[in-house]
Amino acid sequence: MQNKLLNILSNNKKNLALLIDPDKHTPESLQKLIEETNKYTYPNIILVGGSLIFSDIENTINYIKSLSNKPVYIFPGNNCDLSKNADGILLLSLISGRNADFLIGNHVIAAPKLKRLNIDIIPTGYILIDCGNATSVSYMSNTTPIPYFKNDIAAATAIAGEMLGLKAVYLEGGSGANKHISTEMIAIVKQNIDIPIFVGGGIKTPEAIKEIFDAGANMIIIGTVIEQNPEMLQKLANMI
Ligand code: 1GP
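What comes next concerns the included structure. Predicted model, so just to flag it, every value in this text is computed and none were measured. Each chain has its residues counted from 1, following the order in which its sequence is written. Selection of residues for local features in this predicted model requires a pLDDT of at least 70, selection of side-chain atom pairs for listing and counting requires 80 or more, and totals for whole chains, interfaces and linings are taken over all residues. Side-chain metrics rest on all non-hydrogen atoms present in the structure, leaving aside hydrogens and water.

The next thing to look at is the overall build of the protein chain. Regarding its fold elements, the protein chain presents 10 helices and eight strands. The atom set for the radius of gyration is the C-alpha atoms, and the globule formula is 2.2 Å times the number of residues raised to the power 0.38. What you see for the protein chain is a C-alpha radius of gyration of 16 Å, in line with the 18 Å of a compact globule of 240 residues. With the principal axes as the frame, the protein chain shows a C-alpha extent of 45 × 45 × 35 Å. For each residue, the accessible area found with a 1.4 Å probe, counting protein chains only, is set against the maximum for its type, and the residue is called buried under 20%, exposed over 50%, and partly exposed in between. Across the 240 residues of the protein chain, 55% fall into the buried class. The Shrake-Rupley method, run with a 1.4 Å probe sphere, supplies the accessible areas, and residue values consider only the shown protein chains as cover. A total accessible area of about 11,000 Å² is found for the protein chain, and carbon and sulfur atoms account for 53% of it. Labels follow the DSSP assignment, with helices taken as runs of H or I lasting at least four residues and strands as runs of E lasting at least two, numbered in each case from the N terminus.

Next comes the structure, spelled out in structure tokens:
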């Protein structure tokens, strides 16, 4: 199980992850969406989570696993979001922020349980970028995102994450962002690090997916556009 996601990332130049927010689905809508996802090679990864979740994340993961063979990774909002039935977890350290709870505090609380779960753990530098609108993740984490045009700060943050031994960085514009992170910023981060780059937040069109992969993303995360428009799945999948 260990390093399963990193193997997938090293074998595929382009990866698309579908983010499922458990609170946004009924069992029926989730079943429909997962069955639709099963028709295509992409998305090749399913993430489950969000900044604040009312539902039981484990039930959602079990349900998805009963319907799909695609790897399911936890995208945790805090140390409550754990499940032994996930394939793994993006262990996010919010390195763009200066809130110790999200840099290391939640990790210390989760670590003993996480060790017992024996799932694939991906130490991920989580970097929030201000894409123009207030986001749940910024509010919930009590951190200030990096300004949209400050490519140098984003690059330096990513370099520091790589130097600290993190295995990937996630450039996050925030769920439902009006615009996605600029391709200039993604390209500059790419020039400066060798670990995989994940990009999410406000990505809505096949054209945006192409531009973001061209800029150097290894994995793109989409959520809101599919919640609002499930038929977009085929168009986005076909772009890859
Ligand atoms: C949010 O990056 C993800 O954490 C996905 O964002 O919902 O805007 O696609 P969207």
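Take the pattern of salt bridges next. Once their charged atoms are close, side chains differing in charge can pair, the charge on each being opposite to the other. Salt-bridge detection follows one rule: a side-chain nitrogen of Lys or Arg within 4 Å of a carboxyl oxygen of Asp or Glu. Counted by the stated rule, this structure contains six salt bridges. A salt bridge links Asp21 to Lys24; the nearest nitrogen and oxygen atoms lie 3.5 Å apart. Between Lys39 and Glu36 there is a salt bridge, with the nearest N and O atoms lying 2.8 Å from each other. Judged by its relative accessible area of 59%, Lys39 falls in the exposed class. Looking at Glu36, the relative accessible area reads 22%, which means it is partly exposed.

With that settled, consider the site of the ligand. Surrounding the ligand, one finds 14 residues, the nearest of these being Glu172, Ser175, Gly176, Gly223 and Thr224. Ser175 is positioned with one of its side-chain polar atoms (N or O) 2.7 Å from an oxygen atom of the ligand. Isolated, the ligand exposes 310 Å² of accessible area, and the fraction of that covered by the protein chains is 96%. Among the elements of the structure, β6 (168–172) and β8 (219–222) are those that each provide at least two residues to the shell around the ligand. Grouping the constituent residues of the shell around the ligand by class yields five nonpolar, eight polar and one charged. Residues are classed as near a molecule or strand on a simple rule: at least one heavy atom within 4 Å of it. Throughout this description, a polar contact denotes any pair of N or O atoms lying within 3.5 Å of each other; where both atoms belong to protein, one of them has to be capable of donating a hydrogen while the other can accept it, and for residues adjacent in sequence the pair is counted only when both atoms sit in side chains. For this classification, Asp, Glu, Lys and Arg are treated as charged, while Ala, Val, Leu, Ile, Met, Phe, Trp, Tyr, Cys and Pro are nonpolar and the rest, including Gly, are polar.

Bringing the sheet that holds strand β7 (residues 197–200) into the picture now. Strands sit in the order β1-β2-β3-β4-β5-β6-β7-β8 around a closed barrel of eight strands; the barrel is parallel. Neighbour-to-neighbour, the strand axes of the sheet open up by a mean angle of 30°, direction not taken into account. In terms of strand pairing, strand β5 (residues 120–128) meets β6 through five bridges, oriented parallel. Bridged to Thr124 within β6 is Ala168. In what follows, a contact means two residues having at least one pair of non-hydrogen atoms within 4.5 Å. Angular values range over 0 to 180 degrees, each being the angle between N-to-C directions of two axes fitted as lines to C-alpha atoms, with helices fitted over their stretch in contact. Strand contacts of helix α3 (residues 57–67): β1 (15–20), β2 (45–49) and β3 (72–75), with the helix running at about 160° to β2, the strand carrying the most contacts. Only when DSSP finds a minimum of two bridges between them are two strands counted as paired.

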